[in-house]
Amino acid sequence: MTRITRWIWSAVSGVVAAATFLAVAEVLVPFTTPGRGPIVDVGGFVIDVVPRPLKELAIAAFGEYDKLALLIGLGIAVLGAAAISGILQYVRRPFGVALLALAGALALLASVTRAGASALSWAPSVAGTLAGSVVLMLLIARLRSWKDAAAQPVARIPENPAASKTAKVSRRAFFRTTAVVGATAVLAGVGARLLGAATSSVSAIREELRLPAPRTTISVPNGAELDVDGLTPLITPNADFYRVDTALVVPTVDPASWRLVIDGMVDRPVEFSLDDLLARGVDEYAITLTCVSNEVGGDLVGNAIWLGIPVRDLLAEAGPRAGADMVLSRSVDGYSASTPLASLTDDGLDAILAVGMNGEPLPAEHGFPVRMVVPGLYGYVSATKWLTRLTVTTFADDEAYWTPRGYSAKAPIKMSSRIDTPRIGSPVAAGTVAIAGMAWAQTVGVAQVEVSIDDGAWQQATLSAPLSDDTWVQWKLEWDATPGTHYITVRAVDADGNRQVEERAPIYPDGSTGWQRILITVT
Ligand SMILES: Nc1nc2c(c(=O)[nH]1)N[C@H]1C(S)=C(S)[C@@H](COP(=O)(O)O)O[C@H]1N2
Ligand SMILES: [Mo]
């Protein structure tokens, strides 16, 4: 038995021990911290501590798959550490188990410090560490006796069947234990995960949930939708709605036990159940949500008909005290957003708690059962999903999730316009070409969209009939395209007469600006 063989098998032992750790933890998860556990908690912890530039890089490189990329990265790191722990345990006896225990301690720390940790959050990591350590000691001990047996000079003498039999027996013992423990761990771990997902009853409850009929509905005016191929629809289907959040797994919230607490600088803290909210009556609101991470021309923006309740009515019941100027909204997963109190109490602004999105209960990934939506503010300072608490406070005393990470505490949406068609890289045929796209200036409304071809005179685009000042509009311009390459630039003017800012600004710290200018080919 060569040294390389011994190292390979000790590395394999380490990986099997780590698999045992994770499997035992996952099996306990449904009974201790449903939907969470060491993997989810460590991943969430990493998301929270990763520096902003790295996070932006990850989003730029992997887009919607940034969380999958993180999981794969974590998996590779765990595999490496597990292999090292096996080799360590083989060459320097207690150190492999010590490394495994250190990893267990880190997982434990992540689990008990995360928002929403339960009284039993420690259990999966502790049990996993114990089981993993036992397996690691056992496998390495077996590996050692195999090595010792194989090293006995008599073992190599074929005439001594007894000795060579010991070597064979101890090798078999090692392989059998490794295979049985490894396979059991994989089956139990994967099984527990799948079972946990299948029995998470929240998706079934959501299917069953019947929201009350709205007292007032949004009627889409004639001409609200322009007929141009490749143009984004006025109302974004839920399945196509962008998703941005820090949640590694979508939080599951049981609407029956869900509560909203309003506390902080208020005369009387109040608490509402979902039924309390729904009993107040619900109305439809058309609001276009925008992410601060949306680059000029980007698609982190979507428009929905929300079913909701005005936040101002609920705040009024609690009675905000003088001196307060901010509401910190909190999610079940620890995320928080800072919204100016005035934006939530203003009679002229429809800041809502949304329970429905485009005719159905909020989808799980968009905040089921209740989220906040505020017209005119970027999502990160207003649109808290899986909402659970509104704390009336001040900007001086409290800060939200993204504030210490460098993003502005206050962030109104900046007016922007975007070209949907023609597209960069998709040549169009010469002749009449419809140039079209979207423009938004939430709470004020878009008054004009102007288009310039090859940096020539600005031409007025036709606008769709607006749904409201809080939603985007579509625009189009017919153009007599000649063969060759051409630049198209777009800019908007809002209903107050302000022109979209020409100067380019990055998304950090409070949203991008600039006119979109694209180069297209006409054949
Ligand atoms: N709980 C929670 N709510 C959140 C976030 C989050 O990370 N966690 N992200 C915010 C951001 S940055 C945006 S742009 C919107 C996006 O909402 P959507 O995913 O429904 O499009 O949700 C906001 N609400
Ligand atoms: Mo965002």
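These numbers come from a predicted model, not from an experiment.

What counts, and where the lines are drawn
- Residues numbered from 1 in each chain as written.
- Chains lettered and ligands numbered in written order.
- Predicted model: local features only at pLDDT ≥ 70, side-chain atom pairs only at ≥ 80, totals over all residues.
- Heavy atoms only, no water.
- Salt bridge = Lys/Arg side-chain N within 4 Å of Asp/Glu carboxyl O.
- Helix = DSSP H or I, 4+ residues; strand = E, 2+ residues; numbered from the N terminus.
- Buried < 20%, exposed > 50% of the residue type's maximum accessible area, 1.4 Å probe, protein only.
- Near = heavy atom within 4 Å.
- Polar contact = N/O pair within 3.5 Å; in protein donor to acceptor, adjacent residues only side chain to side chain.
- Areas by Shrake-Rupley, 256 points an atom, 1.4 Å probe, with all protein chains shown as cover.
- Nonpolar A, V, L, I, M, F, W, Y, C, P; charged D, E, K, R; others polar.

Trainee: In this structure, what is going on with the pattern of salt bridges? I would like to understand it.
Mentor: The full count for this structure, using the stated rule, is 20 salt bridges. Linking Arg499 and Glu450 is a salt bridge whose minimum nitrogen-to-oxygen distance equals 3.2 Å. Residue Arg499 is located in the loop between β17 (484–494) and β18 (516–522), and its partner Glu450 is located in strand β13 (residues 446–453); the two are separated by 49 residues in the primary sequence. With relative accessibility at 5%, the residue Glu450 sits in the buried group. Overlapping salt bridges bring together Lys67, Arg243, Asp245 and Lys385 as one network.

Trainee: What's the story with the site of ligand 1 in this structure? I'm lost.
Mentor: Around ligand 1, 19 residues are found, and the nearest of them are Tyr242, Thr246, His366, Arg371 and Lys385. Within the contact set of ligand 1, an oxygen atom lies 2.6 Å away from a backbone nitrogen or oxygen of Tyr242. Measuring from an oxygen atom of ligand 1, one finds a side-chain N or O atom of Lys385 at 2.5 Å. About the coverage of ligand 1: the protein hides 99% of its 530 Å² of free accessible area. The class makeup of the residues in the shell around ligand 1 is nine nonpolar, five polar and five charged.

Trainee: I keep staring at unusual backbone geometry and nothing clicks. Help me out?
Mentor: Each neighbour pair has its own omega, and for Phe368 with Pro369 the value is 5 degrees, a cis peptide bond. With respect to the secondary-structure elements, Pro369 resides in the loop between β8 (360–361) and β9 (371–373). With an omega of 5 degrees, the peptide bond between Tyr508 and Pro509 qualifies as cis. Mapped onto the secondary structure, Pro509 falls in the loop between β17 and β18. Positive phi, normally seen in glycine, also occurs at Asn358, with a value near 50 degrees. Within the secondary structure, Asn358 is located in the loop between β7 (352–357) and β8. A residue is classified by how much of its surface remains accessible, and Asn358, at 22% relative accessible area, is partly exposed. Although it is not a glycine, Asp455 adopts a positive phi angle of roughly 60 degrees. Looking at the element boundaries, Asp455 is found in the loop between β13 and β14 (458–460).

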